[in-house]
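Reading the structure
Read off the chains here:
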Amino acid sequence: MKNRPIGIFDSGVGGLTVVKQIFKRLPNEEIVYLGDTARVPYGTKSPETIKKYSIENADFLMKFKVKIIVVACNTASSTSLDALRKKFSIPIVGVIKPGAEKAVQITRNNRVGIIGTYTTVKSKAYEKEIRHFSRDVEAVSKACPLFVPLVEEGWLKEDVTFDIVKKYLKPLMAKKIDTLILGCTHYPLLKPVISRVMGRHVKIVDSASSVADEVHNILMALGKLSEQKKPAHKFFATDTVEHFVRVGEKFLGTKIHRAERANYV
């Protein structure tokens, strides 16, 4: 049971930012990653559709006898955790709670901004979690629907990307936030542009490292930390594998040596 893999899914390649942090925090763990690239983005779809996709993704990962599932997608985390926990008996970890907790810890003026997809922002999942940790923090959110396709295309340094980021973030700058939550796992690749727009005084919260810590703590508490020395990772995409690998390696910061098509979509 200890050496069973960790299952991770996202709507596309963005969840690989979480994988990267789990590699660092839990180097002995085997990862099975699924990117639902055939149906990305999730953020423009209804909560019912996202729940359906999330359960299908988890069913696929369960074929590998995973010991824990990480929902490395803010949109799915904001809509589907209860449904997943109801159906599956293994631990299910989302990305929203760790990010909200970190933001509350580091804000200095109690003004926190949140950017994400339409569905994540509409769900107010981050606001709910922030209120759980502190009643004093004022949260302001903004949907940034063009960020995911920009990242999926690899447009990270183009002038048009800077202009789009600036237009989206202007209302948050007017609110004088000092902390900004990247409420989508695709967004860390735009972090240099976002930081340039927001300025040095605004701290950026990427929940990936906090998620890795939570996974570690859960597995340690359950006595299920792996003891493998050379874990063999598996990567799957529901659409073109070549595109997944090309863009995914930018997220992961290393080569993806083994990627296959998941044919359940």
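None of these values were measured; they are calculated from a predicted model.

The strand order across the open sheet built from 4 strands is β6-β5-β7-β8, with neighbouring strands paired in parallel fashion. Only two strands of the sheet have a single partner each, and these edge strands are β6 (138-143) and β8 (203-205). Between one strand axis and the next, the sheet turns through 25 degrees on average, direction left out of account. Relative to strand β7 (residues 179-182), strand β5 (residues 111-116) runs parallel, the two sharing 4 bridges. Looking at the pairing, Ile-115 lines up with Leu-182 of β7.

It is worth spelling out the domain arrangement of the chain at this point. Per the domain assignment, the segments of the chain are domain 1 (6-94 + 209-261) and domain 2 (96-207). Listed by partner, the interface residues are 31 residues for domain 1 and 23 residues for domain 2. Where domain 1 abuts domain 2, roughly 1900 Å² becomes buried across the two surfaces, and 56% of that area is made up of carbon and sulfur atoms. At the boundary of domain 1 and domain 2, one finds 0 salt bridges. The interface formed by domain 1 and domain 2 holds 11 residue pairs in polar contact (both at pLDDT 80 or more) in total. Among the secondary structure elements, those contributing two or more residues to the side of domain 1 that touches domain 2 are α1 (16-25), α3 (74-87), α10 (208-222) and α11 (241-252). Take the side of domain 1 that touches domain 2: its biggest share by element is 5 residues, from α3.

The next point concerns the environment of Arg-135. With respect to the helices and strands, the residue Arg-135 is situated in the loop between α6 (125-133) and β6. Residue classification places Arg-135 among the exposed positions, given a relative accessible area of 71%. Sequence separation between Arg-135 and Val-104 is 31 residues; the distance between their C-alpha atoms is 10.0 Å.

The topology assignment puts Ser-78 in helix α3. In this structure Ser-78 comes out as buried when scored by relative accessible area, which is 17%. A distance of 2.8 Å separates the side chain of Ser-78 from the backbone oxygen of Thr-75, its partner in a polar contact. If we ignore the near neighbours within four places in the chain, the residues touching Ser-78 are Ile-96, Thr-119, Thr-120, Ser-123 and Ala-125.

Calculation rules
Residues numbered from 1 in each chain as written. Predicted model: local features only at pLDDT ≥ 70, side-chain atom pairs only at ≥ 80, totals over all residues. Heavy atoms only, no water. Pairing = 2+ DSSP bridges. Helix = DSSP H or I, 4+ residues; strand = E, 2+ residues; numbered from the N terminus. Axes fitted to C-alpha atoms, helices over the stretch in contact; angles between N-to-C directions. Domains from an automatic or database assignment. Contact = heavy atoms within 4.5 Å. Buried area = accessible area lost by both parts, 1.4 Å probe. Salt bridge = Lys/Arg side-chain N within 4 Å of Asp/Glu carboxyl O. Polar contact = N/O pair within 3.5 Å; in protein donor to acceptor, adjacent residues only side chain to side chain. Buried < 20%, exposed > 50% of the residue type's maximum accessible area, 1.4 Å probe, protein only.

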